Amino acid sequence: MRSTGTFSQDDLYPDLHELRRQATELEQRVESLTASEKRYRYLFENARDIVYSLDLSLNLTSINPAVEAILGYSPAEVVGRPVTQFVVPDHRERALEMLARKLAGSSPTEYEIDLAAKDGRRVTVGIRSVLVEEEGRPVGVQGIARDITERKRLEEALRRGDELFQLVVRATSDAVWDWDLAADAVWWDAGLEKFGYQLGRVPATSAWRMERVHPSESQAVAEGLRTALDGDRNLWSAEYRFLRADGTYACVIDRAYLIRDETGTVRRVIGTLLDITEHRRTQEALRESAERFQILFQHHPQPMFVYDRETLRYLEVNEAAVAKYGYSREEFLRMDITGIRPLEEVPRLIEFLASGSVNLHQTGEWVHRTKDGRRLNVEIVGHHLTFGGRPAALVVANDITGRKILEEQLQHSQRMEAVGRLAGGIAHDFNNLLTIIAGYCQLLELRIGPGHPLFANFGEIRKAADRAAALTQQLLTFSRRQVIQPRLLDLNSVVASMDHMLRRLVGDEVALVLRLDPGLGAVNADVVQVEQILLNLAANSRDAMPEGGTLTIATENADVRAASVDGKHRPGRYVKLRVADTGAGMDPETRSHLFEPFFTTKPEGQGSGLGLSTVYGIVEQSGGHITVSSEPGQGTTFQIYLPRVQTPTDAASAGQKPGWGEETVLLVEDEMGVRRLIAETLRASGYEVLEAAGPGEALAMALDRKQPIHLLLTDVVMPDMGGPELAGELARARPELKVLFVSGSLDAARQEAPRSGAGYLRKPFSGEILGRTVRAVLDGAPADIGPA
């Protein structure tokens, strides 16, 4: 037995067990609360919705970081402030009402309001909140605000889209259908009734719609729709015949839009069925009418026009008019009929139209003007008609320009032939008389001697006879009776050699410009006659520019593919010599008589009128042709075409390369035109060319250059230092340098520059001769290699 008033250890065991159990349970609850707190804090911090708490004064006591993502405020900027500050003004009354109801103990509520973001945006949120109580007393509100702005926008868009769809369906004249592929259900609007069907009796299946496609077209329509469904395009359309309720077929256009899900699979198709039966009938009638129109109007070989008789504007033109006049159809339709007339023809045209004469008859000859300024002589046939409900006229224009030119050419040729015969006969007889006069004058001068009083008189007679003889030579050239000595010529060399003479002829007031094609072909012509052409044309240009201007002489190769209407341009390969001035120009009347003998615009006693006719005779005698273009105040351009001759240079362009090389040539020439011509010719043959305008520049260039110089090509006579002296100076620094002298006289050059191993080349020379000579000197050929 235990003693009274004392406790044994056994008496304490039950209480210790209980305490231990309670302590364990408490510890477990603390751990559970701690874990729950961690989960809550994790959810609170990472929630995508705004989680907030309010006290009874509606101040924010806590808020999670989502507020910054949604409204732009950091939690620190929000906590402690009234929640109403973040509600847009027009929603605050509703927000206060809902909070008041919540504090009054209402059950959890859900509502939508707009909050004001930090950047001024309105953010629509859905709010769900609960009342927080402690010991039965309310202490605040906790809630979640979810951003539903995008959802509201989509809902509004869907609502508007549905309203718009309904309006479009009611407004359109088409039959609208909507096919749900998953359910194979087709919805039709009231437009289907236009085909005779009642909506309530139409099966809502795709099969019913396909059964009404014409049997001959149903397979193609089905395959086309299936291709669209299986592909990636969102639009489909087809034209076919659709069965009406009365058994007839309507021509329809079926257009549809395919709606796909995120995988690209079509879930829904919305389309419209448009009846185009009447349109097809009208279209077919128009097509037949257009075909007749194309045959009768557009394909007519002559230019045809339809114009409004009141406004004179073009209503229609055919393809021949577009091709002939150079204007597009659209350009014609913006013009009236005066647009293709020269200004001087317009008053006559207006007077003619005022008479009302255009009614299915010939209206005579007129002059028309093309877009590029060419003038056409035309015969017009006209007819009154109604076009598009307007009083109009149809006219056909027959181009007779070629016929008129040929008529004028025939008349001109006959006149020239007659004058040529007359001039040739007169010149022949006159030449005999001049020979007698000049001969006896010379005999008399020898007999009487210089001291005789009449000696000077006989000298004047002889000078006059010489001038008459020169005039006779021009007459013989014009009549083609002069004996010529044609040979292979390089026109560039002839022009370059006459540079000094031409500049003296035109004077300082006229700028002479040479543009010579380095790849120019050769011609077979008399060099004296070519020089005569250049002198006559240059003199003519000088007289046209009394106050100065520019004279341009250019050469180039020209290939004429087809003969011109007037017969002036004959097909073939030519070398073209162009002489152009910026002078007073000429009117058409002057141009028409330009090459006639004894025709001149100069005052009496200042011109023989044979200069241009002589040029014409030389060109024709050489197998070429000449053209002239000129307008008053616009200058004059002569273009001379001489037949191009096959030469070794032409063979080089086809693969053989005479005179070809890679060496370096030091070119010294004080005449810039000649220097450029030689340099371009040699560069075209592969040589490297160093250009020097004089000996001083050449010496500096040669001494500064480290690379080899293989050939010195120099003029013999130059200012300050001649070619031979320059060659001697360079020989000291470059003893291996080979030399080619160029001069107008080979005999003089060999006397002035006797150098062993040197080459000599006479001006003028062709590009082919230059290339062969350079190659020969470089290859160590004998010195006498230049042409005599």
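Residues numbered from 1 in each chain as written. Predicted model: local features only at pLDDT ≥ 70, side-chain atom pairs only at ≥ 80, totals over all residues. Heavy atoms only, no water.

All right, on to the overall build of the chain then. Per the secondary structure count, the chain includes 24 helices and 27 strands. In the chain, buried positions account for 39% of the 788 residues. Within the chain, contacts between residues separated by at least 24 positions form 55% of all contacts whose residues are at least 6 apart in sequence. Total accessible area computed for the chain in this model is approximately 44100 Å², and 53% of it derives from carbon and sulfur atoms. (Helix = DSSP H or I, 4+ residues; strand = E, 2+ residues; numbered from the N terminus. Buried < 20%, exposed > 50% of the residue type's maximum accessible area, 1.4 Å probe, protein only. Contact = heavy atoms within 4.5 Å. Areas by Shrake-Rupley, 256 points an atom, 1.4 Å probe, with all protein chains shown as cover.)

With respect to topology, 5 strands assemble into an open sheet ordered 2-1-5-4-3, the strand pairing being antiparallel. Since the sheet does not close on itself, it has two edges, and those belong to strand 2 (60-63) and strand 3 (109-116), each with one partner. If you compare each strand with its neighbour and ignore which way they point, the axes differ by 30° on average. Across 3 bridges, strand 1 (residues 50-55) lies against strand 2 in antiparallel orientation. Pairing of Ser53 across the sheet is with Ser62, part of strand 2. Contacts between helix 4 (residues 92-103) and the sheet are confined to strand 1, strand 3, strand 4 (122-134) and strand 5 (137-147), with strand 3 contributing the most and set at about 145° to the helix. (Pairing = 2+ DSSP bridges. Axes fitted to C-alpha atoms, helices over the stretch in contact; angles between N-to-C directions.)

Moving on, we get to the environment of Ile769. Residue position: Ile769 is located in helix 24 (residues 767-778). With 279 residues separating them in the primary sequence, Ile769 and Asp490 have C-alpha atoms 9.4 Å apart.

The subject of this paragraph is the sheet that holds strand 6 (residues 175-180). Backbone-to-backbone hydrogen bonds pair the strands of a sheet. The strands run either parallel or antiparallel. The strand order 7-6-10-9-8 describes an open sheet built from 5 strands, whose pairing is antiparallel. Unpaired on one side and paired on the other, strand 7 (185-188) and strand 8 (235-243) mark the two borders of the sheet. Taking the axes of each pair of neighbouring strands and ignoring which way they run, one obtains an average angle of 25° across the sheet. Where strand 8 lies against strand 9 (residues 249-260), 9 bridges are found, and the strand directions are antiparallel. Residue Phe242 lies in a different strand from strand 9, and its bridge partner there is Ala250. Across the sheet, helix 7 (residues 215-230) lies against strand 6, strand 8, strand 9 and strand 10 (266-275), angled at about 160° from strand 8, the strand it touches most.

Tracing the chain through its elements places Thr401 in helix 12 (residues 401-448). Judged by its relative accessible area of 11%, Thr401 is buried. From its side chain, Thr401 meets the backbone nitrogen of Asn377 in a polar contact 2.8 Å long. Not counting the four nearest positions on each side in its chain, Thr401 is found in contact with Arg375, Leu376 and Asn377. (Polar contact = N/O pair within 3.5 Å; in protein donor to acceptor, adjacent residues only side chain to side chain.)

This brings us to the confidence of the model for the chain. Averaged over all residues, the pLDDT of the chain is 80; the fraction at 70 or higher stands at 77%. Element-level pLDDT for the chain is lowest in helix 19 (residues 648-653), with a mean of 43, against a maximum mean of 94 in strand 23 (residues 664-668). Note that pLDDT drops below 50 for residues 648-657; the model gives that stretch 8 contacts with residues more than four away or on any other chain. Ignoring residues within four places in sequence, the model shows residues 782-788, a span with pLDDT below 50, making 19 contacts including any to other chains. (pLDDT = per-residue confidence, 0-100.)

As a further point, take the side chain of Asp581. Note that Asp581 resides in strand 20 (residues 572-581). Buried and unpaired, Asp581 has Arg578 as its nearest opposite-charge partner, separated by 10 Å. Among the polar contacts made by the side chain of Asp581, one reaches the main-chain amide nitrogen of Gly583 at a distance of 2.9 Å. When sequence neighbours within four positions are dropped, the list of residues in contact with Asp581 reads Ser541, Met545, Thr550, Leu551, Gly635 and Thr636. (Lys, Arg positive; Asp, Glu negative; His and termini not counted. Salt bridge = Lys/Arg side-chain N within 4 Å of Asp/Glu carboxyl O.)

Our next topic: the nonpolar core. Of all hydrophobic cores here, the largest spans 36 residues; its most connected members are Leu491, Ile533, Leu537, Leu551, Ile553, Leu577 and Ile640. The element best represented in this core is helix 16 (residues 527-544), accounting for 6 residues. Each residue touching Ile533, except ones within four places of it in the same chain, is listed here: Leu577, Val615, Ile618, Val619 and Ile640. (Core = buried A, V, L, I, M, F, W, Y, C linked by side-chain atoms within 4.5 Å.)

Let us look at helix 15 (residues 499-506). Of all the positions in helix 15, only Asp499, Leu502 and Val506 are classed as buried. Each buried residue of helix 15 lies within a common arc of 70° when the element is viewed along its axis, so the set occupies one face. Looking at the packing, one finds that the buried side of helix 15 touches helix 14 (491-497), strand 17 (510-515), helix 16 and strand 19 (549-560). (Arc of directions from axis to C-beta.)

Next up on the list: the pattern of salt bridges. Side chains that differ in sign of charge can pair as their charged atoms come close. One pass over the structure, following the stated rule, counts 36 salt bridges. The salt bridge partner of Glu110 is Arg128, with a shortest N-O separation of 2.5 Å. Residue Glu110 is located in strand 3, and its partner Arg128 is located in strand 4; the two are separated by 18 residues in the primary sequence. Glu110 sits in the exposed class, given a relative accessible area of 57%. Relative accessible area serves as the criterion here: at 45%, Arg128 is assigned to the partly exposed category. Among the salt bridges present, the one from Asp119 reaches Arg121, with a minimum N-O distance of 2.8 Å. Salt bridges here are not isolated pairs; linked through shared partners, they connect Asp90, Asp114 and Arg122.

A contiguous nonpolar patch, built from Leu235, Tyr257 and Ile259 and spanning about 290 Å² of accessible area, is present on the exposed surface. Tracing the chain through its elements places Leu235 in strand 8. Given a relative accessible area of 57%, Leu235 falls into the exposed group. (Patch = residues over 30% accessible without salt bridge, like charges linked within 9 Å, V, L, I, M, F, W, Y side chains within 5 Å.)

Let us look at the pairing of strand 11 (residues 304-308). For strand 11, the buried fraction is high: 5 of the 5 residues fall into the buried class. Where strand 11 meets strand 15 (residues 390-399), 5 bridges bridge the pair, whose relative direction is antiparallel. The residue bridging Val306 from the neighbouring strand is Leu394, located in strand 15. Two elements, strand 11 and strand 12 (residues 314-317), share 3 bridges in a ladder whose sense is antiparallel. Within strand 12, the position partnered with Tyr307 by the bridge is Tyr314. As consecutive antiparallel partners, strand 11 and strand 12 are separated by 5 residues, and within that stretch Leu312 has a phi angle of approximately 65°, a positive value.

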